[in-house]
Amino acid sequence: AIRGTTIRFDLPGPQPTGVELVVYNLTGQVVRQLITGTRLPGPYEITWDGKNEAGQRVPSGTYWYRLKAGNRVASKRLTILR
């Protein structure tokens, strides 16, 4: 079974917005880029499968994600348990 962490967010309208959703480790290194590009307004649900850019499972621990949408930025902590 594929298990992961679900990240939910809403993009306000009425125009499409540039979006970047990136997962980082605690030292600030990019672990995985989940979204990059333009998205339409509305609700989104993205599941990170706990893998890095190379498709390898990351170790248990704490990670951060940063969501940039237009001129807004939000960061939240994620915990991966294996």
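Just above sits the structure.
Residues numbered from 1 in each chain as written. Predicted model: local features only at pLDDT ≥ 70, side-chain atom pairs only at ≥ 80, totals over all residues. Heavy atoms only, no water.

Caption draft 1: Spotlight on the layout of surface pockets. The volume enclosed by the largest pocket comes to roughly 310 Å³. Lining the largest pocket are 13 residues, with Arg 3, Gly 4, Asp 49, Leu 81 and Arg 82 positioned closest to its centre. Classifying every residue of the lining of the largest pocket by side-chain character gives 4 nonpolar, 4 polar and 5 charged. Taken as a whole, the second largest pocket holds about 160 Å³ of empty space. Lining of the second largest pocket is provided by Ile 7, Arg 8, Phe 9, Asp 10, Tyr 65, Leu 67, Lys 68, Ala 69, Arg 72, Val 73, Ala 74 and Lys 76. Of the residues belonging to the lining of the second largest pocket, the class tally is 7 nonpolar, no polar and 5 charged. (1 Å grid on protein atoms, 1.4 Å probe; cavity = no way out; pocket = protein on both sides within 12 Å on 5 of 7 lines; lining within 4 Å. Points joined across faces, edges and corners; volume = space filled by probe spheres on them. Nonpolar A, V, L, I, M, F, W, Y, C, P; charged D, E, K, R; others polar.)

Caption draft 2: Structural detail: the nonpolar core. One finds Phe 9, Leu 21, Val 23, Leu 34, Trp 48 and Tyr 63 to be the most contacted residues of the largest nonpolar core, which totals 18 residues. Contributions of two or more residues to this core are made by strand S1 (5-11), strand S2 (17-24), strand S3 (30-39), strand S4 (42-48), strand S5 (61-69) and strand S6 (72-80). It is S5 that provides the largest number of residues to this core, a total of 4 residues. Among residues more than four places away in sequence, those in contact with Phe 9 are Leu 21, Ile 35, Gly 42, Pro 43, Tyr 44, Ile 46 and Leu 67. (Core = buried A, V, L, I, M, F, W, Y, C linked by side-chain atoms within 4.5 Å. Buried < 20%, exposed > 50% of the residue type's maximum accessible area, 1.4 Å probe, protein only. Helix = DSSP H or I, 4+ residues; strand = E, 2+ residues; numbered from the N terminus. Contact = heavy atoms within 4.5 Å.)

Caption draft 3: Spatial organisation of the environment of Arg 66. Residue position: Arg 66 is located in strand S5. With 51 residues separating them in the primary sequence, Arg 66 and Gln 15 have C-alpha atoms 21 Å apart. With residues up to four places along the chain from it excluded, the contact list for Arg 66 reads Glu 20, Leu 21, Val 22, Tyr 24, Val 73, Ala 74 and Ser 75. Side-chain polar atoms of Arg 66 contact the side chain of Glu 20, separated by 3.3 Å. (Polar contact = N/O pair within 3.5 Å; in protein donor to acceptor, adjacent residues only side chain to side chain.)

Caption draft 4: Spotlight on the packing of aromatic side chains. Inspection of every chain in the model, using the stated rule, returns 2 aromatic pairs. Residues Phe 9 and Tyr 44 carry aromatic rings whose centres are separated by 5.4 Å and whose planes lie at 10° to one another, so their mutual orientation is stacked. Remark: Tyr 44 occurs in strand S4 and Phe 9 occurs in strand S1; sequence separation between them is 35 residues. With relative accessibility at 8%, the residue Phe 9 sits in the buried group. Measuring from ring centre to ring centre gives 5.6 Å for Trp 48 and Tyr 63, while their planes differ by 70°; the resulting arrangement is edge-to-face. Of this pair, Trp 48 sits in strand S4 while Tyr 63 sits in strand S5; the two residues are 15 residues apart in sequence, bridging distant segments of the chain. Classification of Trp 48 by relative accessible area gives buried; the value is 0%. (Phe/Tyr/Trp six-rings, centres within 6.5 Å; stacked < 30°, edge-to-face > 60°.)

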